[in-house]
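Inside the fold
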Amino acid sequence: MPELPETETIARDLDAALRGAIIRTTTVARADVVRGVALTRTDTPHYAGRAITRVFRRAKAIVIEFENGNRFVVVPRFTGALLLSAQPHPYSCLQFLLTDGRTLQYVDIRRLGTVSLLTPEAFAAWSEALGPEPLDPALTAEAFSGILRGSRRAVKTLLMDQKRLAGVGNIYANEALFRAGIRPARRAERVTRAEAATLLAVLRAVLSESIALRGTTFRDFQDAYGNRGGFATQLQVYGRAGQPCLSCGAVLEETHRLEGRSTVWCRACQK
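First, a word on what this report is: a plain description of the structure on this page. Note that the coordinates shown come from a computational prediction; the quantities given were computed from them, not determined experimentally.

Definitions and limits used
- Residues numbered from 1 in each chain as written.
- Predicted model: local features only at pLDDT ≥ 70, side-chain atom pairs only at ≥ 80, totals over all residues.
- Heavy atoms only, no water.
- Helix = DSSP H or I, 4+ residues; strand = E, 2+ residues; numbered from the N terminus.
- Rg over C-alpha atoms; globule rule 2.2 N^0.38 Å.
- Buried < 20%, exposed > 50% of the residue type's maximum accessible area, 1.4 Å probe, protein only.
- Contact = heavy atoms within 4.5 Å.
- Areas by Shrake-Rupley, 256 points an atom, 1.4 Å probe, with all protein chains shown as cover.
- Lys, Arg positive; Asp, Glu negative; His and termini not counted.
- Charge placed at Lys NZ, Arg CZ, Asp CG, Glu CD.
- Salt bridge = Lys/Arg side-chain N within 4 Å of Asp/Glu carboxyl O.
- Pairing = 2+ DSSP bridges.
- Axes fitted to C-alpha atoms, helices over the stretch in contact; angles between N-to-C directions.

The subject of this paragraph is the overall build of the protein chain. When its secondary structure is counted, the protein chain shows 6 helices and 11 strands. A compact globule built from 271 residues should have a C-alpha radius of gyration of about 18 Å, and the protein chain, at 20 Å, falls within 12% of that. Oriented by its inertia axes, the alpha-carbon framework of the protein chain measures out at about 60 × 35 × 30 Å. In the protein chain, which comprises 271 residues, the share counted as buried stands at 52%. Nonlocal contacts in the protein chain, meaning residues at least 24 apart in sequence, comprise 64% of its contacts between residues at least 6 apart. Working note: accessible area of the protein chain is about 11900 Å², and carbon and sulfur atoms make up 51% of it. Between the centroid of the 37 positive side chains of the protein chain and the centroid of its 26 negative side chains there is a distance of 5 Å.

This is how it looks when you write it as structure tokens:
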């Protein structure tokens, strides 16, 4: 599913394209993806006729903010995408026609993603329930170490807990732990302060590298213009179970014991 680099890529695309744009009408084809206020013409005071002031990311969500403070919060999950395209899409769930003639579509093959219209108060409550952003300079190594020391869960599981750290999912948890030399199943409380500092540094590095290459596409992820991300070729462990470790040559192992997700690691390099 889209993680921090993928949703950051989409948000940056849309921020550059949509600032100042105004939604004229909304067409709801699949109402099951909508949460909160219904997105119909009867609700136009909430957003229609209001200029979009910015588009940004929070955790794994794309946030479209209007001049009155209301926000669309789009969580793509596994197969969702926001596309700036007027071409009809077979899996289009929502279409927003802009006053300049352009069309923004939310498409979702499996319809597991959600689109919510939140007031400033509702958005603040939603955001405050999430953990800090890993790329936020305010998250110090000491604070990050405190997050880890406070949990007996597996360190990989903790990295993916959005209430403890926002935006990190399975792909980048695997990659960061490999680079840091930490076994995914190790209890978070057993990660030393020095190891936590290293883990935070490499996590930031892998996220930033992926953003620079516009995210990771295996099958479904596409940016706001329908293009694929380029980071898949840089992955060192995720999706490489059974192949040689790029550092030591040992065969990479895989388990699904942590939250039922694919965990790939090197027994020799990660302790």
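Moving on to the pattern of salt bridges. One pass over the full model with this rule turns up 20 salt bridges. The partner of Arg-193 in a salt bridge is Glu-142, with the nearest N and O atoms 3.5 Å apart. With a gap of 51 residues between them, Arg-193 in helix α6 (residues 193-212) and Glu-142 in helix α3 (residues 141-149) connect regions that are remote in the sequence. Residue classification places Arg-193 among the partly exposed positions, given a relative accessible area of 49%. The partly exposed category is assigned to Glu-142, whose relative accessible area is 45%. Note that Arg-152 is salt-bridged to Glu-189, the shortest N-O span being 3.3 Å.

What follows covers the sheet that holds strand β2 (residues 34-36). The 5 strands are arranged β2-β9-β5-β4-β3 in an open sheet whose pairing can be described as mixed. Among the strands making up the open sheet, the edge pair consists of β2 and β3 (52-58). On average, adjacent strands in this sheet sit at an angle of 20° to one another, irrespective of strand direction. In this sheet, strand β9 (residues 114-118) lies alongside strand β5 (residues 71-75) in antiparallel orientation, the contact comprising 5 bridges. Bridging from a neighbouring strand, Val-74 pairs with Val-115 of β9.

What follows covers the sheet that holds strand β8 (residues 103-108). Strand order in the open sheet formed by 4 strands is β1-β7-β8-β6, and the pairing between neighbours is antiparallel. The open sheet is flanked by β1 (23-28) and β6 (80-84), the only strands paired with a single partner. This sheet shows a mean twist of 15° between the axes of neighbouring strands, independent of strand direction. In this sheet, β8 lies alongside β6 in antiparallel orientation, the contact comprising 5 bridges. Residue pairing for β8: Gly-80 is matched across the bridge by Asp-108. Packing against the sheet, helix α1 (residues 4-18) makes contact with β6, β7 (92-98) and β8, and its axis sits at approximately 25° to β6.

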